[in-house]
Amino acid sequence: MDDGLELSPELLSAWTRAIDERLGTFLRELSSSPAASHDPPSRGAQEELRKAAPEQGSSLETILDFLFREIIPPSLNTAGPGYLAYVPGGGLPSAALAEYIAAIVNRYTGVWAAAPAAVELETQAIRWLAELLGMAPGSLGVMTTGGSISNLIAVIAAREKLLGRSIERGTIYVSQEVHHSLLKAARTAGIPPENVRSIPVDDTFRMAIDPLVEQIRADRTAGFLPFFVCASAGTVNTGAMDPIDAIADVAEEEGIWLHVDGAYGGFFRLVPELAPLFRGVERADSFAVDPHKGLFLAYGTGLLLARDVEDLRGAFGGAAPYLPRMQSGSEHLDFCELTPELSRDWRGLRLWLPFKLHGVSAFRDALREKRALTLRAFETLSAEPDVDIAAPPELSLFAFRQRLPARGRDEENLHNRALLDRINARGRIYLTGTTLRGELWLRFIVLHLRTHADRVDEGVAIIQEELARARGR
Ligand SMILES: *Cc1c(COP(=O)(O)O)cnc(C)c1O
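Computed from a predicted structure; not experimentally measured. (Residues numbered from 1 in each chain as written. Predicted model: local features only at pLDDT ≥ 70, side-chain atom pairs only at ≥ 80, totals over all residues. Heavy atoms only, no water.)

1. Observations concerning the sheet that holds strand β7 (residues 286–289)
Argument step 1. Pairing is mixed across the open sheet formed by seven strands, whose spatial order is β2-β8-β7-β6-β5-β3-β4. Each of the sheet's edge strands pairs with one partner strand only, and the pair in question is β2 (140–144) and β4 (196–199). The mean angle between the axes of side-by-side strands here comes to 20 degrees, regardless of whether they run parallel or antiparallel.
Argument step 2. The pairing of strand β3 (residues 170–175) with strand β5 (residues 225–232) spans four bridges and is parallel. Opposite glycine 170, over in β5, you have leucine 225 as the bridge partner. (Pairing = 2+ DSSP bridges. Helix = DSSP H or I, 4+ residues; strand = E, 2+ residues; numbered from the N terminus. Axes fitted to C-alpha atoms, helices over the stretch in contact; angles between N-to-C directions.)

Laid out in structure tokens, this is it:
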């Protein structure tokens, strides 16, 4: 052990090399590791995890052994190529290097004056994305820890701008397929849960426009204050893209805030062929995207883009006598005025560095690849005679199930649950299910950095084998 808490440069390099070696092994073994483990922590690990805080330190090697043998393995293999569950991302190594630099130099990026160049580097990364993702010129925003917080910030900014103190009468509009984080956001923002209007979807699970308009009108007549509508750019159940442009028409007409939740699908806007699906995003007041999904970063990085950053400052701005003077206008941003946070990590570096190292084209190509692989899987599985697909994939996700003719819904649901378990038990891909209109469906989603054609083809072959096995019963 070194003296005290500081590490000498020599020791720091030695420890970094030791960690690198473990990570190298981890990465090399990813493709042969199980796609998911549901084992609990071992008995030994559980004992260790209940021990009191150590009075004295122990060796790095002992600690790394514990982490890599006992702590990391029992888990969904969210860094591995077989992870086709929930919404994957992967864990981009170049962004991890940015985290390392940011943590060692420890620049303070809550206020511009504390590290103006570092803050402007982060601002530049945000500006790049606002432009690349088709937001209105001049849009900026703030990096968050994820989509849930981005959605919350959007609801609060809209509330402050449009409702003022009339919170109890405010109503927000989401589709039946909206991510539950919007419901949490509304509740956290003080909007009564019964004021969240769940708008029906069409048969491809996209928000239906007529019921939206009717609900807003009815609410106005009843004395409510409609102020926020959320369009989903890729739902997590079926990957549906709400008709953003049509929702923007309604929002404009009604004078309400248009938020686009693109936490899953937003980065597909980088792929020119898919840009038409995002028509209308240039009219959005805010757009949430999750770099820890669509840009493959490790968990902990979200981004809320805003057409007018003053809307965020209106909700979260505020000076204090013990802080440096805040900036005004959108030339220099104080991030602490755009979110509830004050102290924060230098998140911007983990967007900026990967873009500088790999170029935007590398991300665009990767997203195009994920989309093409999804289509390939969709085409193969939709050719199976007894497989239903909820809706053709618009991005990189579709839901499917095996039909059992002449059986009841309950039996069919149990059957598909068992099918999901058997596919996952093979250990090569990990899928999750969902419920749509009372039916259990399996989801197939390709958005992992390390998922390529070989694993998708292997996964589809496994699904086909398990479908065939079920027919033989
Ligand atoms: C993942 C997701 C969220 C929540 O984002 P977190 O980063 O997990 O907080 C919200 N909406 C959609 C559509 C998502 O896919």
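Having seen it, we continue.
2. Overview of the packing of helix α4 (residues 93–105) against helix α12 (residues 349–358)
Packed helix pairs are specified by the crossing angle of their axes together with the interaxial distance, meaning the distance between the axes.
Argument step 1. The interhelical angle for the contact between α4 and α12, taken along N-to-C directions, is 130 degrees, at an axis separation of 8 Å. As the angle between them shows, α4 and α12 are arranged oblique. Our pair here, α4 against α12, has a crossing hand that is right-handed. Residues Ser94, Ala95, Leu97, Ala98, Glu99, Ile101 and Ala102 of α4 form the contact with α12, whose own contacting residues are Leu349, Arg350, Leu353, Pro354, Leu357 and His358.
Argument step 2. In the contact of α4 with α12, the residues fall into nine nonpolar, two polar and two charged. (Parallel < 35°, antiparallel > 145°, perpendicular 65-115°, else oblique. Left-handed = near helix turned anticlockwise from the far one by under 90°. Contact = heavy atoms within 4.5 Å. Nonpolar A, V, L, I, M, F, W, Y, C, P; charged D, E, K, R; others polar.)

3. What to know about helix α8 (residues 209–221)
Argument step 1. For α8, with 13 residues, the first-to-last C-alpha span of 19 Å sits near the 18 Å given by 1.5 Å per residue.
Argument step 2. Buried within α8 are the following residues: Leu212, Val213, Ile216 and Asp219. Along the axis of α8, the buried positions cluster into a sector of 130 degrees, meaning they face one direction only. In α8, those exposed residues whose orientation departs by more than 90 degrees from the buried face are Asp210, Glu214 and Thr221.
Argument step 3. Tucked inside the fold, the buried residues of α8 contact β3, β4, β5 and α9 (244–254).
Argument step 4. Looking one or two places after α8, you find glycine 223, whose phi comes out positive at around 90 degrees. (Expected span 1.5 Å × (residues − 1). Buried < 20%, exposed > 50% of the residue type's maximum accessible area, 1.4 Å probe, protein only. Arc of directions from axis to C-beta.)

4. A closer look at helix α5 (residues 116–132)
Argument step 1. Along its 17 residues, α5 runs 24 Å from first to last C-alpha, staying within 8% of the 24 Å computed at 1.5 Å per residue.
Argument step 2. Positive backbone phi, at 80 degrees, marks glycine 134, one or two positions downstream of α5.

5. Looking at unusual backbone geometry
Argument step 1. Of note, asparagine 106 is a non-glycine position whose phi angle comes to about 50 degrees, a positive value.
Argument step 2. With respect to the helices and strands, the residue asparagine 106 is situated in the loop between α4 and α5.

6. Focus on the layout of surface pockets
Argument step 1. Looking at the largest pocket, its volume works out to about 1300 Å³.
Argument step 2. Contributing elements (two or more residues each) for the lining of the largest pocket: α1 (9–29), α3 (60–71) and α4.
Argument step 3. Composition of the lining of the largest pocket by domain shows at least three residues from each of domain 1 (9–88) and domain 2 (107–358).
Argument step 4. In terms of lining, the second largest pocket is formed by 16 residues, of which the most central are Glu48, Pro54, Ser58, Ile63 and Phe66.
Argument step 5. If you list the elements that add at least two residues to the lining of the second largest pocket, you get α2 (43–49) and α3.
Argument step 6. If you tally residues by element for the lining of the second largest pocket, the top one is α3, at six residues.
Argument step 7. For the lining of the second largest pocket, a count of residues per class yields six nonpolar, five polar and five charged. (1 Å grid on protein atoms, 1.4 Å probe; cavity = no way out; pocket = protein on both sides within 12 Å on 5 of 7 lines; lining within 4 Å. Points joined across faces, edges and corners; volume = space filled by probe spheres on them. Domains from an automatic or database assignment.)

7. Section: the nonpolar core
Argument step 1. Ranked by internal contacts, the top residues of the largest apolar core, which has 98 residues, are Leu212, Phe228, Val229, Phe287, Leu295 and Leu312.
Argument step 2. Residue assignment places this core across two domains, with domain 2 (107–358) and domain 3 (361–471) each supplying three or more.
Argument step 3. Once you skip the residues sitting within four places of it in the chain, leucine 312 turns out to touch Gly141, Val142, Ile153, Ala157, Leu304, Ala306, Gly317, Glu337 and Leu338.
Argument step 4. Core analysis: the second largest hydrophobic core is formed by 23 residues, Ile423, Leu442, Val446 and Ile463 among them. (Core = buried A, V, L, I, M, F, W, Y, C linked by side-chain atoms within 4.5 Å.)

8. Considering the packing of aromatic side chains
Argument step 1. Counted according to the given criterion, the structure contains eight aromatic pairs.
Argument step 2. Aromatic rings pair up to connect Phe378, Phe398, Phe400 and Phe444 into one cluster.
Argument step 3. Lying over the aromatic face of phenylalanine 224, arginine 197 brings its terminal NZ or CZ to 4.8 Å of the ring centre.
Argument step 4. Here the guanidinium or amino end of arginine 401 rests over the ring plane of tryptophan 441, the centre of that ring lying 5.5 Å away. (Phe/Tyr/Trp six-rings, centres within 6.5 Å; stacked < 30°, edge-to-face > 60°. Lys NZ or Arg CZ within 6 Å of the ring centre and 35° of its normal.)

9. Re the site of the ligand
Argument step 1. Lining the immediate environment of the ligand, one finds 15 residues, of which Gly147, Ser148, Asp261, Asp290 and Lys293 sit closest.
Argument step 2. Residue aspartate 261 places a side-chain N or O atom 2.7 Å away from a nitrogen atom belonging to the ligand.
Argument step 3. In this structure, an oxygen atom belonging to the ligand sits 2.8 Å away from a side-chain N or O atom of histidine 292.
Argument step 4. Coverage of the ligand by the protein amounts to 84% of the 380 Å² it exposes when considered alone.
Argument step 5. Secondary-structure elements contributing two or more residues to the shell around the ligand are α6 (147–162) and α10 (291–294).
Argument step 6. A total of three residues in the shell around the ligand trace back to one element, the largest contributor, which is α6.
Argument step 7. Across the shell around the ligand, the residue classes break down as four nonpolar, eight polar and three charged. (Near = heavy atom within 4 Å. Polar contact = N/O pair within 3.5 Å; in protein donor to acceptor, adjacent residues only side chain to side chain. Areas by Shrake-Rupley, 256 points an atom, 1.4 Å probe, with all protein chains shown as cover.)

10. Points about the domain arrangement of the protein chain
Argument step 1. Taken domain by domain, the protein chain comprises domain 1 (9–88), domain 2 (107–358) and domain 3 (361–471).
Argument step 2. Placing a centre on the C-alpha atoms of domain 1 and another on those of domain 3 gives a separation of 30 Å.
Argument step 3. Carbon and sulfur atoms supply 58% of the area buried between domain 1 and domain 3, which totals about 1500 Å² over both sides.
Argument step 4. Here domain 1 and domain 3 share zero salt bridges between them.
Argument step 5. Run the count over domain 1 and domain 3 and you get 12 residue pairs in polar contact (both at pLDDT 80 or more).
Argument step 6. Split into classes, the residues belonging to the side of domain 1 that touches domain 3 amount to 14 nonpolar, seven polar and no charged. (Buried area = accessible area lost by both parts, 1.4 Å probe. Salt bridge = Lys/Arg side-chain N within 4 Å of Asp/Glu carboxyl O.)

11. Here we look at the pattern of salt bridges
Argument step 1. Applying the stated criterion across every chain yields a total of 39 salt bridges.
Argument step 2. Close ionic contact of arginine 22 with glutamate 61 constitutes a salt bridge, the shortest N to O distance being 2.5 Å. Taken together, the residues arginine 22 in helix α1 and glutamate 61 in helix α3 connect sequence positions 39 residues apart.
Argument step 3. Of the residues examined, arginine 22 reaches a relative accessible area of 18% and is grouped as buried.
Argument step 4. Glutamate 61 gets classed as partly exposed once you look at its relative accessible area, which sits at 42%.
Argument step 5. The closest approach of N and O atoms between aspartate 365 and arginine 368, which form a salt bridge, is 3.4 Å. Here aspartate 365 pairs with arginine 368, and both are found in helix α13 (residues 360–382), just three residues apart, close to one helical turn.
Argument step 6. Each of Arg422, Arg426, Glu465, Glu466 and Arg469 takes part in one network of salt bridges that share partners.

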